[in-house]
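Observations on chain architecture
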Amino acid sequence: MTLLITVFAAAICTGLWYRSEKAADMKIGVLCWMFWGASLMWLVDAIFEFAELKADYFTPAPMDMLNDAFLGLSVVALGLIVWVIVLLVKDPQGKVRAAVFKKTK
Amino acid sequence: MACFIVPAAEAVITTVASKILEAKEKNAVSAQPQGAHLETREKIPFSRKLKWLNAMLWGGVILLAFEHLWHGEIVPWFPFLTAATEGAEAVSEMLHEMMTVGVTMALLVTAVWGVIVAVVSAWEKRAARQADKAPQE
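Residues numbered from 1 in each chain as written. Chains lettered and ligands numbered in written order. Predicted model: local features only at pLDDT ≥ 70, side-chain atom pairs only at ≥ 80, totals over all residues. Heavy atoms only, no water.

1. Observations regarding the overall build of chain A
Secondary structure summary: chain A contains 4 helices and 0 strands in total. Listing each helix as α and each strand as β along chain A from the N terminus yields α-α-α-α. Scaling as 2.2 N^0.38, a compact globule of 105 residues should have a C-alpha radius of gyration of about 13 Å, whereas chain A reaches 18 Å, well beyond that. Principal-axis analysis of the C-alpha atoms places the extent of chain A at approximately 65 × 25 × 20 Å. (Helix = DSSP H or I, 4+ residues; strand = E, 2+ residues; numbered from the N terminus. Rg over C-alpha atoms; globule rule 2.2 N^0.38 Å.)

2. So, the environment of I81 of chain A
Residue and element names in this part refer to chain A. Mapped onto the fold, I81 is located in helix 3 (residues 62-90). Given a relative accessible area of 49%, I81 falls into the partly exposed group. Measuring from C-alpha to C-alpha, the distance between I81 and A99 comes to 21 Å, with 18 residues separating the pair along the chain. (Buried < 20%, exposed > 50% of the residue type's maximum accessible area, 1.4 Å probe, protein only.)

3. A few points about the packing of aromatic side chains
Residue and element names in this part refer to chain A. In this structure the tally under the stated criterion is 8 aromatic pairs over all chains. Measuring from centroid to centroid gives 6.4 Å for F50 and Y57, while their planes differ by 85°, and the two rings are edge-to-face. A relative accessible area of 25% means that Y57 is categorised as partly exposed. Among the aromatic residues, ring-to-ring pairing joins F50, Y57 and F58 into one connected group. (Phe/Tyr/Trp six-rings, centres within 6.5 Å; stacked < 30°, edge-to-face > 60°.)

4. Section: the interface of chain A and chain B
Chain A puts 21 residues into the contact, and the matching count from chain B is 23 residues. Overall, the association of chain A and chain B removes approximately 2100 Å² of surface from exposure, summing both partners, and the carbon and sulfur fraction of that is 86%. On inspection of chain A and its partner chain B, the count reaches 0 salt bridges. Connecting chain A to chain B are 2 residue pairs in polar contact (both at pLDDT 80 or more). Elements that contribute at least two residues to the side of chain A that touches chain B include exactly helix 2 (28-53) and helix 3 of chain A. When grouped by side-chain class, the residues that make up the side of chain A that touches chain B number 15 nonpolar, 4 polar and 2 charged. (Contact = heavy atoms within 4.5 Å. Buried area = accessible area lost by both parts, 1.4 Å probe. Salt bridge = Lys/Arg side-chain N within 4 Å of Asp/Glu carboxyl O. Polar contact = N/O pair within 3.5 Å; in protein donor to acceptor, adjacent residues only side chain to side chain. Nonpolar A, V, L, I, M, F, W, Y, C, P; charged D, E, K, R; others polar.)

5. Some thoughts on a positive patch on the surface
The grouping of K125, R126, R129 and K133 of chain B at the surface amounts to a positive patch. K125 of chain B gets classed as exposed once you look at its relative accessible area, which sits at 56%. (Patch = residues over 30% accessible without salt bridge, like charges linked within 9 Å, V, L, I, M, F, W, Y side chains within 5 Å. Areas by Shrake-Rupley, 256 points an atom, 1.4 Å probe, with all protein chains shown as cover. Lys, Arg positive; Asp, Glu negative; His and termini not counted. Charge placed at Lys NZ, Arg CZ, Asp CG, Glu CD.)

6. Quick look at the confidence of the model for chain B
With 90% of its residues at a pLDDT of 70 or more, chain B has an overall mean of 88. Of all helices and strands in chain B, the one with the weakest mean pLDDT is helix 1 (residues 5-31) of chain B (91), whereas helix 2 (residues 46-70) of chain B scores best (95). (pLDDT = per-residue confidence, 0-100.)

7. Quick look at a nonpolar patch on the surface
Where nonpolar side chains cluster on the molecular surface, the patch consists of M1, L4, F8, I12, L16 and M65 of chain A and spans about 600 Å² of accessible area. Position of F8 of chain A among the secondary structure elements: in helix 1 (residues 2-19).

Here you go:
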């Protein structure tokens, strides 16, 4: 479930990055790399787990599924927080710097 | 248990490597005669390509570290790895997981990055060939 949610997040971010000309200014690429990197790592985790559990891997207990879904959403939220921090620190449009200097004047 | 430590170690190495490469590339560009760098304007510096790998590795490591924290496999205090407090058998299991799952994670991310770099390099070569042909037509 965590893998699925992260893959969906990665695909949506990649679509946004491809579609929008402002995506580079918004640092959407950071989100794409981050979610694809995590998706690949969880894919490896899933393959090893599948090798161990075989078909049982696809029939998780409802509580485990709920926990994994909650974790997946939390992971996406953490990814978004990291992206916001990168966006504010790099400040590609200079809006943060403009706001700070306006206040100090 | 701590599989993300292997890609994290790789991320540290590639980050240092990209910083060193970036500095070398900047020096090389500033040493060129004025206007000479225009010949290579279509080529993406390797340090930038290495940054794509850094972003995938660090992104994956941050999110996987959170997952391990969620499952109680790592803790924010010494010795950080829960398995380290559970005896030799747990430590051995953790090392085994790092050697299998962790190494495969690092290899897969690097392989995917390698494919991306190969595709981009092919595009660069094609663009250079087209630019060479253009003045003759």
